[in-house]
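Residues per chain are reported as follows:
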Amino acid sequence: MNSLIDKYNIPGPRYTSYPTVPYWDESTFSPEKWKETVIRSFHESNAEEGISIYIHLPFCEALCTFCACHKRITKQHSVEIPYLESVLKEWKLYLDLFNERPKLKELHLGGGTPTFFSPENLRTLLEGIFSTVEIAEHPEFSFEGHPNNTTKEHLQTLYDLGFRRVSFGVQDYDPKVQKAINRIQPFENVKNVTEWAKEIGYRGISHDLVFGLPHQNWDAMEHTIRKTMELKPDRLAFYSYAHVPWVKGVGQRGFDENDLPSGEEKRRLYEDGKRLLQDLGYIEVGMDHFSLEHDDLYQSLIHKKLHRNFMGYTSSKTQLMVGLGMSAISDSWYAFAQNVKTVEEYQKMVEGGEIPVVKGHVLSEEDLIVRRHILNLMCQLETTFDVNNSFPELENALEMLQEMENDGLVEINGTEIKITEAGRAFTRNVAMVFDLRMMRNKPETRIFSMTI
């Protein structure tokens, strides 16, 4: 295994999209083209599957130094109402593109820290959205909760509005690790919010754990996993820490790079952690995710309905995902668009009646084909690939895949490619074989975190 780590531990995307953001061709994109693809996708899919909405709530009271998200650090809660009013105005701009009432299938509140906002203000936001849509049958509404500031009132308010899934950011219980990442979070806080959520009736409680953080070792990681098992969440995200200090604004400066586990140590954290989770009854689903057998995420895997987008893995798929809020990313299937990355510019554009996109990418026919291969690999761990009917550059893919087959990472049977159990840890590497845009324009500087 160590030799494989040495061979395959290279910078690579997480593939929440294809093309990945650094390879978006902005020359193909304009706000008008974006609107055209939104309208097309809405009319193709709304009546059947409905749409998804992602709302980015960017405020946090303190900076966690492991975080690579776009956020705004403030303790001034006077920012809440103006920001939420802008989100509703942005949503109205999308409604103006549709000539029928949207059917809402999926909604996610991400951050930042969604529970920075008061329960009353979240209710106002959501009731504003819900008054304009038809709620689909069996909707998937979820939010991210910070254990230090999520109250029972938050949980009850959102449950009453139809939310059944909540994800709590745990990361690690070791005090030394928590200090390094500026995330002091007692187990008691996580225990409280998890038990409140169960008591209220949430059926999809998730904990996020991160391996590869500064000062982490196996003893600390095992302690964190066993403490997590005391609370038995329905699912777990077991993420690899993405060390990207060169990205502006991420704040990954609270520790020295020498404090990070080596590639070999980090892989041990994952492999031993995965083994322990499976011993404790969790099943690996996709990449970095585990769930109990009853959970929708596992059920969607076995029924081949698992999907991956900018919100990560989801048990339901929609063709159109509208991202609202500062820096939010939208996906019309035919194009991607990202909003401006500062609160002030976001609010100014929305007030001026503009959908506040700053960049994007219109997918070519080639992109759409490659996207399906990568989605198949990331969600189903398999794809069907006919080298004779592919783009010329993908002929090289077969040679690379055969090398991976020799290393035991994939199985090739005619046109069928399957990632093996041993290859799960290298899923990103297998997907990279199909990444034509990266193949044609290899980065001269490092733009991705390491795959392992």
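Residues numbered from 1 in each chain as written. Predicted model: local features only at pLDDT ≥ 70, side-chain atom pairs only at ≥ 80, totals over all residues. Heavy atoms only, no water.

### Quick word on the overall build of the protein chain
In terms of regular secondary structure, the protein chain is built from 15 helices and 19 strands. Its C-alpha radius of gyration of 21 Å places the protein chain within 12% of the 22 Å reference for a compact globule of 452 residues. Taking the principal axes of its C-alpha atoms as reference, the protein chain extends roughly 55 × 50 × 40 Å. The burial tally for the protein chain puts 58% of its 452 residues in the buried class. For the protein chain, the exposed area adds up to about 18700 Å²; of that, 48% sits on carbon and sulfur atoms. (Helix = DSSP H or I, 4+ residues; strand = E, 2+ residues; numbered from the N terminus. Rg over C-alpha atoms; globule rule 2.2 N^0.38 Å. Buried < 20%, exposed > 50% of the residue type's maximum accessible area, 1.4 Å probe, protein only. Areas by Shrake-Rupley, 256 points an atom, 1.4 Å probe, with all protein chains shown as cover.)

### Points about empty space enclosed by the protein
The tally for this structure, following the rule as stated, stands at three cavities of 30 Å³ or more. The computed volume of the second largest cavity comes to approximately 70 Å³. Lining of the second largest cavity is provided by Tyr15, Thr16, Ser17, Tyr18, Arg308, Arg371, Ile374 and Leu375. Here the lining of the second largest cavity gets three residues from one element, more than from any other, and that element is helix α12 (residues 365-380). The class makeup of the residues in the lining of the second largest cavity is four nonpolar, two polar and two charged. (1 Å grid on protein atoms, 1.4 Å probe; cavity = no way out; pocket = protein on both sides within 12 Å on 5 of 7 lines; lining within 4 Å. Points joined across faces, edges and corners; volume = space filled by probe spheres on them. Nonpolar A, V, L, I, M, F, W, Y, C, P; charged D, E, K, R; others polar.)

### Concerning α12
Taking 1.5 Å as the rise per residue, α12 with 16 residues should run 22 Å; its terminal C-alpha atoms sit 22 Å apart, in good agreement. Across the 16 residues of α12, 12 count as buried, placing the element largely inside the fold. Leu381 sits one or two residues past α12 and shows a positive phi near 60 degrees. (Expected span 1.5 Å × (residues − 1).)

### A look at the nonpolar core
Considering soluble globular proteins, one finds that nonpolar side chains tend to be buried as a cluster. Counting residues in hydrophobic clusters, the biggest one holds 64 residues, and the most contacted among them are Tyr15, Phe238, Leu277, Ile374, Leu401, Met404 and Phe434. By residue number, the principal contributor to this core is α12, which donates seven residues. If you look at the next biggest cluster of nonpolar residues, it comprises 55 residues, including Leu125, Leu158, Val340 and Tyr346. (Core = buried A, V, L, I, M, F, W, Y, C linked by side-chain atoms within 4.5 Å.)

### Some details on the sheet that holds strand β17 (residues 382-384)
Read from one edge to the other, the open sheet built from three strands follows the order β17-β19-β18, with strand pairing classed as antiparallel. With partners counted over all chains shown, the strands left at the sheet margins are β17 and β18 (410-413), one partner each. The mean angle between the axes of side-by-side strands here comes to 15 degrees, regardless of whether they run parallel or antiparallel. In this structure, β18 lies alongside strand β19 (residues 416-419), joined through four bridges in antiparallel fashion. (Pairing = 2+ DSSP bridges. Axes fitted to C-alpha atoms, helices over the stretch in contact; angles between N-to-C directions.)

### So, the packing of aromatic side chains
Each aromatic ring pair is specified by the distance between its two centres and by the angle formed by the two planes. Applying the stated rule across the entire model yields 20 aromatic pairs. Measuring from ring centre to ring centre gives 5.7 Å for Trp24 and Phe336, while their planes differ by 10 degrees; the resulting arrangement is stacked. In this pair, Trp24 sits in the loop between α1 (2-8) and α2 (31-45) while Phe336 sits in strand β15 (residues 335-339), placing the two residues 312 residues apart along the sequence. In this pair, the class of Trp24 matches that of Phe336, namely buried. (Phe/Tyr/Trp six-rings, centres within 6.5 Å; stacked < 30°, edge-to-face > 60°.)

### A look at unusual backbone geometry
Glycine aside, residues mostly have negative phi angles, and peptide bonds mostly take the trans form. In this chain, Tyr18 is followed by Pro19 through a cis amide linkage whose omega measures -5 degrees. When you line up the elements, Pro19 lands in the loop between α1 and α2. In this model, Gly111 is joined to Gly112 through a cis peptide bond whose omega is 10 degrees. When you line up the elements, Gly112 lands in the loop between β4 (103-111) and α4 (119-130). Of note, Ser327 is a non-glycine position whose phi angle comes to about 65 degrees, a positive value.

Just geometry here; none of it tells us what the structure is for.
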